[in-house]
Amino acid sequence: MNATNMTVLVVGATGSIGRLVVAEALRQGHAVRALVRDLGRARGLPQEAQAVVGDLTRAETLAPAVEGIDAVVFTHGSNGGGKSGAEQVDYGAVRNVLRALAGRPVRIALMTAIGVTNREGAYNRSTQIHDWKRRGERLVRASGLPYTIVRPGWFDYNEPDQRRMVLLQGDTRHAGDPSDGVIARQQIAEVLVHSLNSEAARAKTFELVAERGPAQKNLEPLFAALETDAADAIDAVRDTDNMPLMGEPAQVRADLEMLSAG
Ligand SMILES: NC(=O)c1ccc[n+]([C@@H]2O[C@H](COP(=O)([O-])OP(=O)(O)OC[C@H]3O[C@@H](n4cnc5c(N)ncnc54)[C@H](OP(=O)(O)O)[C@@H]3O)[C@@H](O)[C@H]2O)c1
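Please read these numbers as outputs of a predicted model, since none were measured by experiment.

Engineer: Which parts of the structure should I look at to understand the site of the ligand?
Structural biologist: Neighbouring the ligand are 25 residues; T14, S16, R37, K133 and F155 lie closest to it. The backbone of G12 places a nitrogen or oxygen atom 3.3 Å from an oxygen atom of the ligand. Contact with the protein chains removes 80% of the 940 Å² of surface that the ligand exposes when unbound. If you list the elements that add at least two residues to the shell around the ligand, you get α3 (82–101) and β7 (154–155). For the shell around the ligand, the class distribution of residues is nine nonpolar, 11 polar and five charged.

What follows is the structure in structure tokens.
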């Protein structure tokens, strides 16, 4: 892999994963732009990161954040915002950043969640977070931009000796608790940032969990072993076909059309 130093926008930079992504991207030699709601929230971010103010729910505020970037890592979340938060933040952030990019050729790494295709669980029925995060995934695939989508297991529920990363596809674990899989926050950040420079990670969607054993030093064989998402498909390879496009809200279909045309 030829590592290239990029200017990386971190969306959700003040969050529990985003802060680690900022640090990891700097460690890997990238220039980092951290999207924050206001500069007060940027306190505690490394000085080398450039904080840029923007509201993920308002596309018109995001132009300065995307100016001149080479890559975006999405780690945002509505965190208890209910159905409207899921739509406006979990989904809206992806739509609005892609819209602000206006077709510029940037690399995307999007974090969603293990179980994102499970529509019937109590969590999704009450929050619709899975559905809205999955719609965000669909926008990224439809955009035509090079991407990697990471669906992590339960953050930091791993034992100290559970560091061996396992990448799964098909999103078949639907217990809705840590028995679905666990992963250290730091490893999520590492995988997201490494994917930006990996040809093998391109057009791949996977669940990320850890089993007992040491962390692998080289992620390339893990990425390379995965199946690529089908070109022109809006769902990931092996995903259950349980969210037909024709049943989707008109606005979501319009967003898909707008971004795939752009
Ligand atoms: N916990 C788990 O085990 C687990 C497992 C898999 C997936 N996930 C998913 O991971 C996601 C993120 O996790 P996390 O712990 O990093 O979340 P977090 O700590 O709550 O961070 C969320 C980030 O999004 C930002 N944000 C929210 N609304 C915004 C807006 N309107 N404009 C700009 N920024 C906004 C927040 O900014 P502020 O700092 O300004 O609020 C913060 O930086 C969640 O959505 C969750 O569903 C969680």
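Engineer: Explain the side chain of D235 to me, please; I cannot follow it from the model alone.
Structural biologist: Relative to the helices and strands, D235 is located in the loop between α7 (220–224) and α8 (250–261). For D235, a relative accessible area of 13% puts it in the buried group. Of the polar contacts made by the side chain of D235, one reaches the side chain of R134; its length is 3.4 Å. In this structure the side chain of D235 is engaged in a polar contact, spanning 2.9 Å, whose partner is the side chain of R138.

Engineer: Any chance you could explain helix α5 (residues 129–142) here in plain terms?
Structural biologist: Residues that lie three or four places apart on an α-helix share one face, since the helix turns once every 3.6 residues. Over its 14 residues, α5 extends 20 Å from the first C-alpha to the last, a length consistent with the 20 Å expected when each residue adds 1.5 Å. Burial of α5 is extensive: 14 of the 14 residues sit out of reach of the surface. Directly after α5, the chain includes G144, whose backbone phi takes a positive value near 80°.

Engineer: Before we go on, may I ask you to explain the pattern of salt bridges in this structure?
Structural biologist: Close approach of charged atoms lets side chains of opposite charge pair. The tally for this structure, following the rule as stated, stands at 20 salt bridges. Note that E137 and R151 form a salt bridge whose closest N and O atoms lie 2.8 Å from each other. With E137 in helix α5 and R151 in strand β6 (residues 147–152), this pair connects stretches of sequence that are 14 residues apart. Across the pair, R151 and E137 agree in class, each one buried. Between E199 and R202 there is a salt bridge; the shortest N-O distance is 3.7 Å. On the basis of relative accessibility, which here comes to 37%, the residue R202 falls in the partly exposed class.

Engineer: Help me out: how do you make sense of the nonpolar core in this one?
Structural biologist: It is characteristic of soluble globular proteins that their nonpolar side chains tend to be buried jointly. The biggest cluster of nonpolar side chains holds 37 residues, and the ones touching the most others in it are L192 and L208. No other element matches helix α6 (residues 185–195), which puts five residues into this core. Ignoring anything within four residues of it in the chain, the contact list for L208 reads V150, R151, P152, G153, M165, V166, L167, I183, Q187, I188 and V191. If you look at the next biggest cluster of nonpolar residues, it comprises 34 residues, including F74, I108, I129 and W132.

Definitions and limits used
- Residues numbered from 1 in each chain as written.
- Predicted model: local features only at pLDDT ≥ 70, side-chain atom pairs only at ≥ 80, totals over all residues.
- Heavy atoms only, no water.
- Near = heavy atom within 4 Å.
- Polar contact = N/O pair within 3.5 Å; in protein donor to acceptor, adjacent residues only side chain to side chain.
- Areas by Shrake-Rupley, 256 points an atom, 1.4 Å probe, with all protein chains shown as cover.
- Helix = DSSP H or I, 4+ residues; strand = E, 2+ residues; numbered from the N terminus.
- Nonpolar A, V, L, I, M, F, W, Y, C, P; charged D, E, K, R; others polar.
- Buried < 20%, exposed > 50% of the residue type's maximum accessible area, 1.4 Å probe, protein only.
- Expected span 1.5 Å × (residues − 1).
- Salt bridge = Lys/Arg side-chain N within 4 Å of Asp/Glu carboxyl O.
- Core = buried A, V, L, I, M, F, W, Y, C linked by side-chain atoms within 4.5 Å.
- Contact = heavy atoms within 4.5 Å.

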